[in-house]
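# Close look at the chain arrangement
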Amino acid sequence: MPDSNSVNIARFIHQYKGIEGFYFLNKNGELGFIDSGSRRAMKELFQQVNDKEFLQSHPKFENELNAFKTDIKEIVETYLKEESVSDIELGYLLPVTEGKTWLSSTLILHKQVVDTLECDDQLLYAKGIKDPFQIDQEAEKMKGIRSVQQGFDDLLHHKDAFGMYKYFPVLFKLPNTGIEATQSGSDKAPVRVLNLRWRKSTSQQTSASGFAAHEAVFSVLRTNLINRGAIDRNRRIQNKFQIS
């Protein structure tokens, strides 16, 4: 995330419209977001740990949250140390450009992610879990170039053939880079998209068990995105034509 300086954040939002409310992961493995109202950088404080009613319904939440914080620090450490870990990085962001049907920044997904999305959905259709009449609508998800809102929305709600959530996209600004945008390849894009659900391969050996870790925490994060308006399915064009 850019410095907390309000001028830097304003410039950042101007270049990367639509990122307000989405999570950033910083180099210390901490989560935060840019508040759309105040346009300030905010740290995710997980207020649920102070909610007695919530903790009664989720008695293991605090332990799960502590383990989650340890895991996401490992994501950053691994990503920066190995520089390129294909299953950690989902893609990258480009700024608003003319000629797009959307007015926000653009999400570019890596090919292996798009291929995985398509493979998972084909298996779900074959199993009869997904409605085949949604194929045309779901085809949008297979496009590797999307608006940041729709791209993140589809990644967040995507389930694999085991019915498990596989992705939780989070923004990551490469250290020691400015916010100057580029229209060229991913090697020069300063804002990357990482998968917050990534775990070391040893934790994913059986039935994608690694993706199921800390689900109560991810449910809270997903709810926060919806409550902040970062994810709003009612604004999607295809939803306006659905028959209820």
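Reference entry: report on the structure contained in this document.

About the criteria used
Residues numbered from 1 in each chain as written. Predicted model: local features only at pLDDT ≥ 70, side-chain atom pairs only at ≥ 80, totals over all residues. Heavy atoms only, no water. Helix = DSSP H or I, 4+ residues; strand = E, 2+ residues; numbered from the N terminus. Buried < 20%, exposed > 50% of the residue type's maximum accessible area, 1.4 Å probe, protein only. Contact = heavy atoms within 4.5 Å. Areas by Shrake-Rupley, 256 points an atom, 1.4 Å probe, with all protein chains shown as cover. Core = buried A, V, L, I, M, F, W, Y, C linked by side-chain atoms within 4.5 Å. Phe/Tyr/Trp six-rings, centres within 6.5 Å; stacked < 30°, edge-to-face > 60°. Lys NZ or Arg CZ within 6 Å of the ring centre and 35° of its normal.

### A word on the overall build of the protein
Scanning the protein for helices and strands turns up seven helices and eight strands. Counting over 244 residues, the protein shows a buried share of 44%. Contacts in the protein between residues at least 24 apart in sequence constitute 62% of all its contacts with a sequence separation of at least 6. When the accessible surface of the protein is totalled, it reaches about 13,200 Å², and 49% of it is carbon and sulfur.

### A few points about the nonpolar core
If you look at the biggest cluster of nonpolar residues, it comprises 51 residues, and the most contacted ones within it are L25, L31, F68, L93, L171, L196 and L221. At seven residues, helix α3 (residues 61–82) tops the list of elements feeding residues into this core. Every residue in contact with F68, bar those within four places of it in the chain, is listed here: L31, F46, L196, R199, H214, V217, F218 and L221.

### Quick word on unusual backbone geometry
Although it is not a glycine, R39 adopts a positive phi angle of roughly 55°. Within the fold, R39 resides in the loop between β2 (31–34) and β3 (41–43). Its identity is not glycine, yet F46 carries a phi of approximately 50°, on the positive side. Following the sequence through the fold, F46 ends up in the loop between β3 and α2 (52–57).

### Considering the packing of aromatic side chains
By the definition in use, this model includes 10 aromatic pairs. An angle of 55° between the planes, with centres 5.8 Å apart, marks the rings of F12 and F24 as tilted. Taken together, the residues span a long stretch of sequence, with F12 in helix α1 (residues 6–15) and F24 in strand β1 (residues 23–25) at a distance of 12 residues. Ring centres of F22 and F152 lie 4.9 Å apart, and the angle between their planes is 70°; this geometry places the pair in the edge-to-face category. Within this pair, whereas F22 is found in the loop between α1 and β1, its partner F152 is found in helix α6 (residues 148–157), the two being separated by 130 residues in sequence. Each of the two residues, F22 as well as F152, counts as buried. Through a chain of ring-to-ring contacts, the aromatic side chains of Y23, F33, F46, F68, F168 and F218 assemble into a single cluster. Looking at R197, its charged tip hangs above the ring of F218, at a distance of 4.1 Å from the centre. It is R228 that lies over the ring of F33; its NZ or CZ is 3.7 Å from the centre.

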